[in-house]
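Chain by chain, the residues run as shown.
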Amino acid sequence: MKLGVRWTLHGDGRTPAPGAVVRPDERLSWPRTAGLGAQHVVAMFGASFVAPVLMGLDPNLAIMMSGVATVLFLLATRGQVPSYLGCSLSFVGVAATIRASGGDSATVTGAVFVVAVALFLSGLAVRRFGARIIHAAMPPVVTGAVVMLIGFNLAPVSAKTYWPQDQWTALLVMVVTALAVVCLRGFWSRIAIFLGLLFGYAVSWFFDRIFGKIHSPAGGAESVDHWRLDLSLVGKADWVGLPDFHAPSFEWSAILVALPVVIALIAENAGHVKAVGEMTGDSLDGKLGTAIAADGAASMLSTAVGGPPNTTYSENIGVMAATRVYSTAAYWAAAGFALLFGLCPKFGAVVAAIPGGVLGGITVILYGMIGLLGAQIWINAGVDLRNPLNLVPAAAGIIIGVGGVTLKFTDSFELGGIALGTLVVIVGHHVLRAFAPPHLKGDGPLLDSGTSTYDSGDEGRDRPSF
């Protein structure tokens with residue numbers, strides 16, 4: 001069985017010829033391939049390490065399982081879809097909602113495990129019936145609205161939890177990160193979040209030396225005196241060791257909150273597979289179902305041991321666009337580096353020490369960008385919001401999801417926020433379409449373009465993945 005783990009040497013193995021590309025089944029010399037793998041790890045650093053911290057999960061386990069997930073994905077797609085699977089940001093709001101209602105890490109991972117199962121089954125359905133099934137169930141107006149309400153639902157987390165811990169550090173980090181995204185070019189713009197994190201660490205350390213402890217909330221409701229950057233646990237952590245594993249637990253209330261995220265993941269996978277196909281020049285439409293199923297299987301494996309869910313990362317696709325090296329060998333190298341980092345508890349302690357003010361500055365931009373990816377789906381698909389058939393269910397669902405509107409059924413069961421907003425968008429769109437007059441109906445594109453599009457010569461900015 002072909003697994004896509006054999007590569008032919010491209011040219012002399014040093015650099016591609018002008019205008020040439022290194023295809024997925026080719027590679028450069030092994031030292032250069034390892035270097036590209038390290039570059040891919042750096043590219044996913046920011047979002048992939050921030051996500052587990054925001055979800056309250058072990059960052060060491062997150063990075064280790066991202067390596068495992070990438071290997072599984074490459075094997076499942078037979079090395080034809082070069083992608084890195086990092087921790088998904090789409091579940092940050094879900095995790096916050098579940099924890100706010102009394103859930104713990106096991107409850108979070110249990111809910112996400114069920115979403116991963118749904119994603120896996122969706123991939124199998126796409127393999128069986130084709131991409132048309134995605135558009136039939138979730139047209140672009142629906143996927144865009146769901147992605148938007150998921151992103152904007154996170155606004156209170158940034159405004160009430162992280163920003164108040166150190167507002168001036170948050171403001172500086174926000175400004176520096178924004179400048180990095182807008183002003184830097186190529187690879188540097190793609191690691192803007194990582195650069196913002198580094199700046200945040202430095203400015204927090206500097207403020208501690210100059211101003212001493214800060215009196216503010218430190219992850220809780222009460223204000224206390226604390227250091228902005230507390231590295232006390234880093235010295236106690238071992239250099240080598242296994243991360244903390246735990247089994248998931250399942251609660252219906254948490255599962256219902258998390259299930260809508262599967263829509264965002266399907267849209268995102270569709271966009272990434274299409275983007276990679278455009279860059280490599282190979283039609284990968286036949287691999288879409290396999291890619292979605294592989295993402296679901298990888299997330300199932302990760303959450304089964306207490307890790308976060310995984311998804312394809314646009315930052316890494318952007319690195320391919322900049323280097324014109326699409327070799328899956330580089331992703332195998334990146335996965336190997338990720339596994340090594342995951343076995344270093346001291347590294348995880350450094351990640352876990354990210355100051356709250358730093359997260360405040362980064363999440364203000366990051367959460368907003370996640371929400372606006374929904375608008376990008378609408379734009380790419382040409383969704384006409386002047387049509388009430390599109391406007392009404394999207395408007396109602398977004399306000400319900402962002403505002404936290406609830407619908408109480410019994411004393412022990414209610415729907416609200418993301419879950420209720422998604423239900424209103426999906427059901428509302430299909431019900432209204434069934435009763436709408438013919439002039440409001442029209443055929444859209446076969447498949448929305450997901451959350452990102454890339455051009456092989458693009459030097460523009462890439463958006464963070466979920």
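Structure: above.
Residues numbered from 1 in each chain as written. Predicted model: local features only at pLDDT ≥ 70, side-chain atom pairs only at ≥ 80, totals over all residues. Heavy atoms only, no water.

### Let's talk about the overall build of the protein
Inference 1: Scanning the protein from terminus to terminus reveals 20 helices and eight strands.
Inference 2: Compactness check: the protein gives a C-alpha radius of gyration of 22 Å against a globular reference of 23 Å for 466 residues, within 12% of the reference.
Inference 3: Structurally, the protein occupies a C-alpha span of about 70 × 65 × 40 Å along its principal axes.
Inference 4: Restricting to contacts in the protein with at least 6 residues of sequence separation, those with at least 24 account for 80%.
Inference 5: Just so you have it, the protein exposes about 19200 Å², and 65% of that area is on carbon and sulfur atoms.
Inference 6: Taken as two groups, the 28 positive and 28 negative side-chain charges of the protein have centres that lie 6 Å from each other. (Helix = DSSP H or I, 4+ residues; strand = E, 2+ residues; numbered from the N terminus. Rg over C-alpha atoms; globule rule 2.2 N^0.38 Å. Contact = heavy atoms within 4.5 Å. Areas by Shrake-Rupley, 256 points an atom, 1.4 Å probe, with all protein chains shown as cover. Lys, Arg positive; Asp, Glu negative; His and termini not counted. Charge placed at Lys NZ, Arg CZ, Asp CG, Glu CD.)

### Structural notes on the pattern of salt bridges
Inference 1: For the coordinates displayed, the defined rule picks out three salt bridges.
Inference 2: The shortest N-O distance in the salt bridge between Asp-166 and Arg-228 comes to 3.1 Å. Remark: Arg-228 occurs in the loop between strand 5 (223-226) and helix 11 (232-236) and Asp-166 occurs in the loop between helix 7 (155-162) and helix 8 (167-183); sequence separation between them is 62 residues.
Inference 3: Given the relative accessible area of 7%, Asp-166 is considered buried.
Inference 4: Of the residues examined, Arg-228 reaches a relative accessible area of 12% and is grouped as buried.
Inference 5: With a closest N to O distance of 3.1 Å, Asp-208 and Arg-228 form a salt bridge. Of this pair, Asp-208 sits in helix 10 (residues 192-211) while Arg-228 is found in the loop between strand 5 and helix 11, placing the two residues 20 residues apart along the sequence. Per residue, the accessibility class of Asp-208 equals that of Arg-228, and both read buried.
Inference 6: Here the salt bridges do not stand alone but share partners, grouping Asp-166, Asp-208 and Arg-228 into one network. (Salt bridge = Lys/Arg side-chain N within 4 Å of Asp/Glu carboxyl O. Buried < 20%, exposed > 50% of the residue type's maximum accessible area, 1.4 Å probe, protein only.)

### A word on the packing of aromatic side chains
Inference 1: Summed over the entire model, instances satisfying the criterion amount to five aromatic pairs.
Inference 2: Measuring from ring centre to ring centre gives 6.0 Å for Phe-113 and Phe-250, while their planes differ by 65°; the resulting arrangement is edge-to-face. Highlighted residues: Phe-113 in helix 4 (residues 105-129) and Phe-250 in the loop between helix 11 and helix 12 (252-258), separated in sequence by 137 residues.
Inference 3: On the basis of relative accessible area, Phe-113 is assigned to the partly exposed category, the value being 21%.
Inference 4: Under the relative-accessibility criterion, Phe-250 is labelled partly exposed at 48%.
Inference 5: The rings of Phe-206, Phe-207 and Phe-211 are connected pair by pair, giving a single aromatic cluster.
Inference 6: One cation-aromatic arrangement involves Arg-209 over Trp-227; the distance from NZ or CZ to the ring centre is 5.8 Å. (Phe/Tyr/Trp six-rings, centres within 6.5 Å; stacked < 30°, edge-to-face > 60°. Lys NZ or Arg CZ within 6 Å of the ring centre and 35° of its normal.)

### Examining the packing of helix 19 (residues 388-403) against helix 20 (residues 417-435)
Inference 1: Running from amino to carboxyl end, helix 19 crosses helix 20 at an angle of 165°, the nearest separation of the two axes being 7 Å. Looking at the two axes, helix 19 sits roughly antiparallel to helix 20. For helix 19 against helix 20, the interelement crossing comes out right-handed. Residues Leu-389, Asn-390, Val-392, Pro-393, Ala-394, Ala-396, Gly-397, Ile-400 and Gly-401 of helix 19 touch helix 20, and the partners they reach there are Gly-417, Ile-418, Leu-420, Gly-421, Val-424, Val-425, Gly-428, His-429, Leu-432 and Arg-433.
Inference 2: Classifying every residue of the contact of helix 19 with helix 20 by side-chain character gives eleven nonpolar, seven polar and one charged. (Axes fitted to C-alpha atoms, helices over the stretch in contact; angles between N-to-C directions. Parallel < 35°, antiparallel > 145°, perpendicular 65-115°, else oblique. Left-handed = near helix turned anticlockwise from the far one by under 90°. Nonpolar A, V, L, I, M, F, W, Y, C, P; charged D, E, K, R; others polar.)

### Topic: helix 13 (residues 261-280)
Inference 1: The end-to-end C-alpha separation of helix 13 is 29 Å, in line with the 28 Å expected for 20 residues at 1.5 Å each.
Inference 2: The element helix 13 is extensively covered by neighbouring structure, given that 18 of its 20 residues are classed as buried.
Inference 3: Downstream of helix 13 by one or two residues, Gly-281 has phi in the positive range, about 85°. (Expected span 1.5 Å × (residues − 1).)

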